[in-house]
Amino acid sequence: MGSAIQLSNVVRNYQLGKTMVQAARGVSLEFQRGEFTALAGASGSGKTTLLNIIGCIDKPDAGRISVDGKDVTDVPLHRLAGLRNQYFGYIFQTFNLVAVLDAFENVELPLVLAGMPAKQRRERVEALLESVGLANHRHHRPQELSGGQRQRVAIARALVTEPLAVLADEPTANLDSKTGADIIELMASLNASRRVTFIFSTHDHHIINRASRVIWVSDGAVREQAPAEHAGAPLLRASGTNP
Ligand code: ADP
Ligand code: MG
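Here is what the cut-offs are and how they apply
Residues numbered from 1 in each chain as written. Chains lettered and ligands numbered in written order. Predicted model: local features only at pLDDT ≥ 70, side-chain atom pairs only at ≥ 80, totals over all residues. Heavy atoms only, no water. Helix = DSSP H or I, 4+ residues; strand = E, 2+ residues; numbered from the N terminus. Buried < 20%, exposed > 50% of the residue type's maximum accessible area, 1.4 Å probe, protein only. Pairing = 2+ DSSP bridges. Axes fitted to C-alpha atoms, helices over the stretch in contact; angles between N-to-C directions. Contact = heavy atoms within 4.5 Å. Near = heavy atom within 4 Å. Polar contact = N/O pair within 3.5 Å; in protein donor to acceptor, adjacent residues only side chain to side chain. Areas by Shrake-Rupley, 256 points an atom, 1.4 Å probe, with all protein chains shown as cover. Nonpolar A, V, L, I, M, F, W, Y, C, P; charged D, E, K, R; others polar. Phe/Tyr/Trp six-rings, centres within 6.5 Å; stacked < 30°, edge-to-face > 60°.

### Structural notes on the environment of H206
Considering the arrangement of structural elements, one finds H206 in helix α7 (residues 205–208). Classification of H206 as exposed rests on a relative accessible area of 64%. As a C-alpha pair, H206 and L190 span 16 residues in sequence and 19 Å in three-dimensional space.

### Re the sheet that holds strand β8 (residues 198–202)
Read across the open sheet, the 6 strands follow the order β6-β7-β8-β3-β9-β10; overall the sheet is mixed. Only two strands of the sheet have a single partner each, and these edge strands are β6 (88–92) and β10 (221–224). Along the sheet, successive strands turn relative to each other by an average axial angle of 20°, direction set aside. Direction of pairing for strand β7 (residues 165–169) relative to β8: parallel, over a ladder of 4 bridges. Opposite V166, over in β8, you have F198 as the bridge partner. Its contacts with the sheet place helix α2 (residues 77–87) against β6 and β7, and it is angled at close to 85° to β6.

### Regarding the site of ligand 1
Around ligand 1 lies a shell formed by Y14, L16, V21, A23, A42, S43, G44, S45, G46, K47, T48 and T49. Taking S45, its main chain carries an N or O atom lying 3.2 Å from an oxygen atom of ligand 1. In this structure, an oxygen atom belonging to ligand 1 sits 2.8 Å away from a side-chain N or O atom of T48. For ligand 1, the accessible surface in isolation is 560 Å², of which the surrounding protein chains cover 64%. At the level of secondary structure, the elements contributing two or more residues to the shell around ligand 1 comprise β1 (5–16), β2 (19–31) and α1 (47–54). Among the elements that line the shell around ligand 1, the one with the most residues is α1, at 3 residues. Residue composition of the shell around ligand 1, by class: 5 nonpolar, 6 polar and 1 charged.

### Considering the pairing of β10
Pairing analysis gives 4 bridges linking strand β9 (residues 213–218) to β10, with the strands arranged antiparallel. By the bridge assignment, W216 is partnered in β10 with R223.

### Concerning the pairing of strand β3 (residues 36–40)
The element β3 is largely enclosed, with a buried count of 5 among its 5 residues. Of the two faces of β3, the one holding F36, A38 and A40 and the one holding T37 and L39 are both buried throughout. With 5 bridges joining them, β3 and β8 adopt parallel strand pairing. Paired with L39 across the strands is S201, a residue of β8. Here β3 runs beside β9; their pairing, made up of 4 bridges, is parallel.

### Section: the packing of aromatic side chains
Working definition: an aromatic ring pair is given by the centre-to-centre distance plus the angle between the planes. Enumeration according to the criterion identifies 5 aromatic pairs in this entry. Here the aromatic rings of F36 and F198 are separated by 5.8 Å at their centres, their planes lie at 85°, and the arrangement is edge-to-face. Here F36, found in strand β3, pairs with F198, found in strand β8; they are 162 residues apart in sequence, far enough to count as distant. Judged by its relative accessible area of 2%, F36 falls in the buried class. Summarising the aromatic geometry, the rings of Y90 and F92 are spaced 6.2 Å apart at their centres and angled 15° between planes, so their arrangement reads as stacked. For F92, a relative accessible area of 28% translates into the label partly exposed. Every member of this aromatic cluster is reached through a ring pair, and the members are Y87, F88, Y90 and F92.

The structure is reproduced here in structure tokens:
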């Protein structure tokens, strides 16, 4: 079994007037199933660019990408939507829930689109709402939920199709630090209990500390930090505390 996702020499340039921004400068990365990985870096470093390429939302200008062992670099844009639904769950910093649907219906939506029978859908959605702590909020619409609760709905929605990987672009950026920490703990526990693969971007050091693998993004290039000895272990120690 190969790696879940592989990027080889990925380049992505944006033309901005007369200047060209090199948002990804030949990035090579491999992700395995079950990882809990942070893409860490300052604003503008290239995190969203990489996540969008990993998640088949955007295509590289050069380089290759393979997902679940299949090279998808040359899949035409109109067929990428199918790949996205099949392989990925997405979590955004702005939650992106459907305002007129309640929590249950928001989580259920990807399964409706996938054509799953109603009874199966209900079982799966109820179990997930339970595991994100929202069993009692199933009839609440997004505007009737707090930011943290909205992000829990978004997490349940991202997991409901049992994707190869869940991609979260700054999932805590619109939350206060306590709520943000709770959201990362929830993701970590879903990673541990259900082996859900998470790749999330952040510039918050408390969040970076919870990752079991950290990829630093800087000016369109990546630098890997040595893996932790066990999943969930803090990678960044205060200086002077190393044995
Ligand atoms: P991050 O998510 O780390 O903040 P991004 O991947 O969004 O970084 O952006 C990386 C670089 O690419 C930045 O310099 C940004 O200004 C530029 N960029 C991103 N998207 C576009 C775009 N659509 N057009 C032009 N430049 C862009
Ligand atoms: Mg970004």
